[in-house]
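# Understanding the architecture of this molecule
Each chain, letter by letter, is given below.
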Amino acid sequence: MEVIGWILVIACFIISFIGLMYPIIPGVLFLVGGFLLYGVFFSFAELSWWFWVIEILFVVLLFGADTVANAFGIKKFGGSNAGMWGSTIGLLIGPFVIPVAGILIGPFLGAVIAELIVEKRTFNEAVKSGVGSLIGFLTSTIAKAVIQIVMIIVFFIAI
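Residues numbered from 1 in each chain as written. Predicted model: local features only at pLDDT ≥ 70, side-chain atom pairs only at ≥ 80, totals over all residues. Heavy atoms only, no water.

### Brief notes about the overall build of the chain
Here is the rule: Secondary structure elements are taken from DSSP: a helix is a run of H or I of four residues or more, a strand is a run of E of two residues or more, and numbering for both begins at the N terminus. Burial here depends on accessible area, computed with a 1.4 Å probe over protein chains only, as a share of the maximum for the residue type. Under 20% is buried, over 50% is exposed, and the range in between is partly exposed. It only takes one pair of heavy atoms within 4.5 Å for two residues to be counted as in contact. For accessible areas, the Shrake-Rupley method is used with a probe of radius 1.4 Å. Any residue's cover is judged against the shown protein chains and nothing else. Residues scored as charged are limited to Lys and Arg (positive) and Asp and Glu (negative), so that His and the chain ends carry no count. A single reference atom marks each charge: NZ on Lys, CZ on Arg, CG on Asp, CD on Glu.
Scanning the chain for helices and strands turns up 6 helices and 0 strands. When the elements of the chain are put in sequence order from the N terminus, they spell out α-α-α-α-α-α. In terms of its C-alpha atoms, the chain occupies a principal-axis envelope of roughly 60 × 30 × 20 Å. The burial tally for the chain puts 40% of its 159 residues in the buried class. Taking contacts inside the chain between residues at least 6 apart in sequence as the whole, the part at least 24 apart equals 66%. Surface exposure of the chain reaches about 8600 Å², of which carbon and sulfur atoms provide 80%. Between the centroid of the 6 positive side chains of the chain and the centroid of its 7 negative side chains there is a distance of 18 Å.

Okay, here's the thing in structure tokens:
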């Protein structure tokens, strides 16, 4: 039973990292799910209140990193709220339309299309916003990966 518990915990951690590339997968929920599965299979006693406080703060930081990095990338390159929404929609749809490259092309095209249609920007301005969207997405992904690694390290220190 112990082996099954560890397999499930580690599977949740792996799925949380897959969620970095496929945002339709709620990676942070799988990460927290891994912690909860550990408690169910082994013991919640090792996961003290300070562990949960730290992990909850990291969860909030994960959500914040995602939003701030994307908004910063688009705004820094002259994009608008429409570009940010277009980027988000492209991020969700892109991986399903173009399986491998869609994770990068989707946010870019979403931001460009939104800037062209909604904001009536020039093509060059829209492409600049798309580049900002791409940079924001990549920055967000790296930040979330680092935060998730730190969360797992805190977990292993706690147990």
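There's plenty left to go through after this.
### Quick word on the nonpolar core
For soluble globular proteins, nonpolar side chains are generally found buried alongside one another. The condition is simple: What we call a nonpolar core is a set of buried Ala, Val, Leu, Ile, Met, Phe, Trp, Tyr and Cys residues that are connected through their side-chain atoms within 4.5 Å.
Among the nonpolar cores identified, the biggest contains 18 residues, and F13, F35, F51, M151 and F155 are the most heavily contacted of them. Only α1 (2–21), α2 (27–41), α3 (49–76) and α6 (123–158) provide two or more residues apiece to this core. Among the elements that take part in this core, α6 stands out by supplying 6 residues, more than any other. Those residues within four positions of M151 in sequence are excluded, and the remaining contacts are L31, F35, E55, F58, V59 and L62.

### What to know about the packing of α1 against α2
What counts here: The convention used is that axes are lines fitted to C-alpha atoms, helices contributing only their stretch in contact, and that angles between N-to-C directions extend from 0 to 180 degrees. The cut-offs work like this: below 35 degrees is roughly parallel, past 145 is roughly antiparallel, 65 to 115 is roughly perpendicular, and the gaps in between are oblique. With the far helix as reference, a near helix turned anticlockwise by less than a right angle produces a left-handed crossing, and one turned clockwise produces a right-handed crossing. Only Asp, Glu, Lys and Arg are considered charged in this grouping, and only Ala, Val, Leu, Ile, Met, Phe, Trp, Tyr, Cys and Pro are considered nonpolar; every other residue, Gly among them, is considered polar.
At a closest axis distance of 7 Å, the pairing of α1 and α2 adopts a crossing angle of 170°. Judged by the angle between their axes, α1 and α2 are roughly antiparallel. Once α1 is placed against α2, the crossing between them reads as left-handed. Across from I4, G5, W6, L8, V9, C12, F13, I15 and S16 in α1, the residues of α2 making contact are G27, F30, L31, G33, G34, F35, L37, Y38 and F41. Its residues placed into classes, the contact of α1 with α2 shows 13 nonpolar, 5 polar and no charged.

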